[in-house]
Amino acid sequence: MTKQECQSGLGSNGQFFIKSRLAVCTGQLFHQTWKLNKKPIGESSFITLAVGTIAKGSRQMHVQYYFTDFQAMGGTGTARFVIAPDATVPQKWPATAQTSQGGSIPGARSFDTLAATGTSTFEHTVTVASGQGDKPDDTVFAVYQPTLKLTYPPGWYSKGTDSVNLFLLAPRCDKAAYVSRGDGAAVLSDTVDLPYSSKTGTSEKAVAEHIRDAFTKPGATFPKNAHKNEPGADVKHPLNRLYHDAKRRAANRSEAIKVCKKQWGPGYPQGGKNECDEYLFAVTYQGSAQALYDSTAPKDNFSARPLPKADNGAAGTILAGFLTKNRIIDGKNDGFTVSIN
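Note that this is a predicted model, so its numbers are computed, not measured.

*Asks:* Before we go on, may I ask you to explain the overall build of the protein chain in this structure?
*Replies:* Helix and strand counts for the protein chain stand at six helices and 17 strands. If you line up the protein chain on its principal axes, its C-alpha atoms span 85 × 45 × 40 Å. A total of 341 residues make up the protein chain; the buried ones form 47% of that total. Partitioning the intrachain contacts of the protein chain with sequence separation of at least 6 by distance along the chain shows that 71% fall at a separation of at least 24.

*Asks:* What's the story with helix α4 (residues 246-264) in this structure? I'm lost.
*Replies:* Because each turn of an α-helix spans 3.6 residues, side chains separated by three or four positions end up pointing in the same direction. Here α4 contains 19 residues, and its C-alpha end-to-end distance of 27 Å stays within 8% of the 27 Å for a straight helix at 1.5 Å per residue. For α4, the secondary structure elements touched by its buried residues are β15 (274-279), α5 (290-293) and β16 (303-308). Among the residues of α4, the N-terminal cap falls to D245, whose side-chain oxygen and the backbone nitrogen of K247 are separated by 3.3 Å. One or two steps after α4, the chain reaches G265, where phi turns positive at roughly 85°.

*Asks:* Sorry, what's going on with the side chain of D334 here?
*Replies:* Within the element layout of this structure, D334 appears in the loop between α6 (309-325) and β17 (336-340). Among the polar contacts listed, one links the side chain of D334 to the side chain of R172, at a separation of 2.8 Å. From its side chain, D334 meets the backbone nitrogen of I329 in a polar contact 3.0 Å long. Apart from residues lying up to four places away in sequence, D334 is in contact with R21, R172, L239, N240, R327, I328 and I329.

*Asks:* I keep staring at the state of the cysteines and nothing clicks. Help me out?
*Replies:* Covalent bonding between the sulfur atoms of two cysteines is what defines a disulfide. Per the counting criterion, the structure on display carries two disulfides. A sulfur-sulfur separation of 2.3 Å characterises the disulfide bridge that pairs C6 with C25. Residues C6 and C25 are joined through a disulfide that is right-handed, its torsion about the S-S bond being 100°. On the criterion of sequence distance, the pair formed by C6 in helix α1 (residues 3-10) and C25 in strand β2 (residues 23-36) is long-range, its members being 19 residues apart. Just as C6 is buried, C25 falls in that class too. Here the bonded cysteines of the protein chain are numbered in sequence order, and their pairing is 1-2, 3-4.

*Asks:* Please clarify how empty space enclosed by the protein should be interpreted in this entry.
*Replies:* Rolled over the atoms, a probe with the dimensions of a water molecule shows which regions are left empty. A complete count under the given rule lists two cavities of 30 Å³ or more for this structure. Roughly 60 Å³ of internal volume is contained in the largest cavity. What lines the largest cavity is simply R59, M61, V126, V128, V140, A142, P171, R172, C173 and A186. Among the secondary structure elements, those contributing two or more residues to the lining of the largest cavity are β8 (120-128), β9 (140-151) and β12 (171-174). When residues of the lining of the largest cavity are assigned to their parent elements, the largest contribution, three residues, is made by β12. In the lining of the largest cavity, the residues fall into eight nonpolar, no polar and two charged. Estimated volume of the second largest cavity: approximately 30 Å³. Lining the second largest cavity are T48, Y65, F67, P85, D86, P146, T147, L148 and L166. Put simply, the parts of the chain that give the lining of the second largest cavity at least two residues each are β4 (60-74), β5 (82-93) and β9. Sort the elements by how many residues they give to the lining of the second largest cavity and β9 lands first, with three residues.

*Asks:* Is there a simple way to explain the pattern of salt bridges in this structure?
*Replies:* Any two side chains of opposite charge can pair, on the condition that their charged atoms come close. This structure, assessed with the given rule, holds 10 salt bridges. Across the salt bridge formed by R172 and D334, the nearest N and O atoms sit 2.8 Å from each other. You can see R172 sitting in strand β12 and its partner D334 sitting in the loop between α6 and β17, a full 162 residues away along the chain. We classify D334 as buried; its relative accessible area is 3%. A salt bridge links E255 to K258, with the shortest nitrogen-to-oxygen separation between them at 3.0 Å. Remark: K258 and E255 occur in helix α4; sequence separation between them is three residues, near one turn of the helix. Overall, the relative accessible area of 48% leaves K258 in the partly exposed class. One continuous salt-bridge network, built from bridges that share partners, spans R21, R172, D174, R327 and D334.

*Asks:* I keep staring at the nonpolar core and nothing clicks. Help me out?
*Replies:* Side chains that are nonpolar tend, in soluble globular proteins, to be buried together. Counting residues in hydrophobic clusters, the biggest one holds 33 residues, and the most contacted among them are F46, I83 and Y144. Listing elements by their share of this core, those giving two or more residues are β2, β3 (39-54), β4, β5, α2 (111-116), β8, β9 and β13 (185-188). Non-local contacts of Y144, meaning those with residues more than four positions away in its chain, are made with M61, V63, Y65, A87, T88, V89, H124, V126, L168, L169 and P171. Membership of the second largest hydrophobic core comes to 21 residues, among which are L194, A208, I211 and L323.

*Asks:* How do you make sense of the pairing of β16 when you look at a structure like this?
*Replies:* When a strand is regular, its side chains alternate between the sheet's two faces. Buried residues dominate β16, accounting for five of its six residues. Looking at chain direction, β15 and β16 are connected through six bridges and run antiparallel. Looking across to β16, one finds that N274 is bridged to P308.

What counts and how
Residues numbered from 1 in each chain as written. Predicted model: local features only at pLDDT ≥ 70, side-chain atom pairs only at ≥ 80, totals over all residues. Heavy atoms only, no water. Helix = DSSP H or I, 4+ residues; strand = E, 2+ residues; numbered from the N terminus. Buried < 20%, exposed > 50% of the residue type's maximum accessible area, 1.4 Å probe, protein only. Contact = heavy atoms within 4.5 Å. Expected span 1.5 Å × (residues − 1). Polar contact = N/O pair within 3.5 Å; in protein donor to acceptor, adjacent residues only side chain to side chain. Disulfide = S-S within 2.5 Å. 1 Å grid on protein atoms, 1.4 Å probe; cavity = no way out; pocket = protein on both sides within 12 Å on 5 of 7 lines; lining within 4 Å. Points joined across faces, edges and corners; volume = space filled by probe spheres on them. Nonpolar A, V, L, I, M, F, W, Y, C, P; charged D, E, K, R; others polar. Salt bridge = Lys/Arg side-chain N within 4 Å of Asp/Glu carboxyl O. Core = buried A, V, L, I, M, F, W, Y, C linked by side-chain atoms within 4.5 Å. Pairing = 2+ DSSP bridges.

What follows is the structure, encoded as structure tokens:
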């Protein structure tokens, strides 16, 4: 991710931008109003960006920092206004996992010194070796916290923050064999979106329309449930991948097929032309059999209907590729959403 992509993604007031699970950024505009004798006489501002990227197949996160867009007008104390960057890994799960850090975080420098360089940059890296994580996928989750400490010169008063945390980054390493072979890899474990298209001519059109109905017209879907509210449409209600429990995945499919047979009859496949499509996906913990495994889950909170085999197969291929590409792993600590266009 380039500096320009980060700034464009953040927009005028955003603090976090996700390009992919291998590229995210955080940033902030810092504004100072300078006062002497309690009267404002000048202003200054600058932008700090932290771009986190992970090379495909790597267990190392690179964070590229940018100090840019320096501006000052009127009377200011910027010559002795000191900016000190820092970055820490305040939490890890499991806590015993060790990280190795590289690159360089520069020492404190004045606003004017940084401004004279145009755009000042530096890189910091965090690496987690395999074999330290939680079973079954050797997972290590971490919090990476970029921080700035701002020190104002004596005699000046500025309406500004002395110390600030940028939006945290969340690297995760794993060695899940069902997403890649070898020593595993890392991603930035933010919730990502699976896009399906309902546009004419798209291979997954029928499935996309089914999911859209599940989101927008749940009362018109089967099984009937007046309180049906299926997750997956937003980051507050993500879907979680189900991989290790093959019996539960089979149960999800079985519960969906029961609905297709009940509503459309045992001949719904029409000689192999149709398949029973289910949303929520059978490969998620929220699938059709959720209530059989979780006593707190609502019953009949899913949708099933016969759809053309070709559409169902195409949508399944897209889903499988998405899960692998984004390194979505089994469990409630990883999630994704679905959108329809």
